[in-house]
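# Secondary and tertiary structure notes
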Amino acid sequence: MSQTDIELPDALEIPARGWLRGLFDRGALDPAAQMDTAVAAIRRSRRPEYVAVFGGKGGAGKTTTSTGLGSTLAGVMRDRVAVVDSNPDKGTLCLKFPTGQSALPLHQLAGRTEQLRSYSDLRPYLLSNELGLDALTSSRHRDPAADGAVYAEILDFLAADYRVVVTDCGTSATSDAAREVLARATQLVVVTPAQIDGFYALLETLDELVDMRHRDLIGDAVAVINGIHESTSVDVDKIHADLKRRVRAVRRIPHDPHLAAGAAFDFAELQPATKVAYAELAATVTARFR
Ligand SMILES: Nc1ncnc2c1ncn2[C@@H]1O[C@H](COP(=O)(O)OP(=O)(O)O)[C@@H](O)[C@H]1O
Ligand SMILES: [Mg+2]
């Protein structure tokens, strides 16, 4: 897709550093130029895409990655993009959206999607952010035993209105919700924190996916190493290389003070390097859009 004919939301902009930009010509590009390149590489989808986000450990950054990826896609593609809380544990997706909104929990949609006639009927169930990402979030009082059928219905329903549906899954690929997500997934994103224990936990989730015959999805997956501190003592290059043997691509998201606060996700508040990282992640995922 050419970016020259669409106006990008301000949040996705990184100001060029004026005359300084010339100094970056050799070697490293400045963030504004990197952002331009990454955004220009984000492709639109012609068919609905289901991007399943899994991790190995709570706190790995699955929900943050789902929101960051979904926000970037919504802002650049200008198509409807949704993120769905698909974690059997208490979901925190709603906390990543601007406060002051309320939405009915997605489980109340169960058995009702046939009565919804238009997108506006869906609005009471949606949270949205400034980049246009919509979210379906779950309530704390859900019944995980009933999850399978609920997700099957909702995910199928969303395909009519949304170009991309990002599912924020948990750590297990075997839950009922995860099985329904995986049955539809066209893309897989797996998240590890820049920590050894979280990385091993992710390898266990990948083994589970192999046992469930999702080897193709893994081979085509994008792995995210999330929250990398400049001063980390972890050998991130080794984690990167290990993951690269298993998946299609590996992307790194820096530790970002705005994200560390754990409040609503606001793309405009991210550090330039984090913005670039999300745009590059989005471009990498969309490279396989059909
Ligand atoms: N790149 C990052 N830099 C700093 N903090 C982060 C980053 N990614 C996530 N966090 C923070 O870490 C915590 C756990 O992230 P979250 O996405 O909720 O993990 P998960 O969904 O895997 O349990 C949250 O408070 C979140 O804001
Ligand atoms: Mg989460």
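Here the residue numbers are simple positions, counted from 1 along each chain's written sequence. Note on labels: chains are lettered from A, ligands numbered from 1, in written order. Totals for whole chains, interfaces and linings use all residues, but because this is a predicted model, local features are given only for residues with pLDDT of at least 70 and pairs of side-chain atoms are given and counted only at 80 or more.

The protein chain carries the name AAA family ATPase in an unreviewed UniProt entry, which gives Rhodococcus opacus as its organism.

In this scheme the burial state of a residue depends on its C-beta neighbours within 10 Å: 20 or more other such atoms mean buried, 12 or fewer mean exposed, and anything in between means partly exposed; the C-beta positions come from the backbone. Numbering of helices and strands runs from the N terminus, with a helix taken as a DSSP run of H or I at least four residues long and a strand as a DSSP run of E at least two residues long. For strand β5 (residues 164-169), the buried fraction is high: six of the six residues fall into the buried class. Burial along β5 is two-sided: Val-164, Val-166 and Asp-168 facing one way and Val-165, Thr-167 and Cys-169 facing the other are all buried. DSSP-based pairing: two strands are paired if at least 2 bridges between them are found. Sheet topology note: the strand β1 (residues 49-55)/β5 ladder contains five bridges and is parallel. Each bridged residue has a counterpart across the sheet, and for Tyr-50 the counterpart in β5 is Val-165.

The biggest cluster of nonpolar side chains holds 76 residues, and the ones touching the most others in it are Ala-52, Val-189 and Ala-282. By residue number, the principal contributor to this core is helix α10 (residues 272-286), which donates eight residues. Throughout, a residue-residue contact means that the two C-beta atoms, derived from backbone geometry, are no farther apart than 7 Å. Excluding its chain neighbours within four sequence positions, the residues that come into contact with Ala-282 are Ile-42, Leu-69, Thr-72, Leu-73 and Val-76. Think of a nonpolar core as buried Ala, Val, Leu, Ile, Met, Phe, Trp, Tyr and Cys residues, each tied to the set through C-beta atoms within 7 Å.

Bringing the site of ligand 1 into the picture now. Using a C-beta atom placed from the backbone, a residue is scored as near a molecule or strand whenever that atom is within 6 Å of it. Lining the immediate surroundings of ligand 1 are 17 residues, of which Lys-62, Thr-63, Thr-64, Leu-259 and Gly-262 lie closest. Mapped by element, the contributors of at least two residues to the shell around ligand 1 are α2 (62-77), β7 (222-228) and α9 (257-260). When residues of the shell around ligand 1 are assigned to their parent elements, the largest contribution, three residues, is made by α2. Gly counts as polar in this scheme, as do all residues outside two lists: the nonpolar Ala, Val, Leu, Ile, Met, Phe, Trp, Tyr, Cys and Pro, and the charged Asp, Glu, Lys and Arg. The residue inventory of the shell around ligand 1, partitioned by class, reads four nonpolar, eleven polar and two charged.

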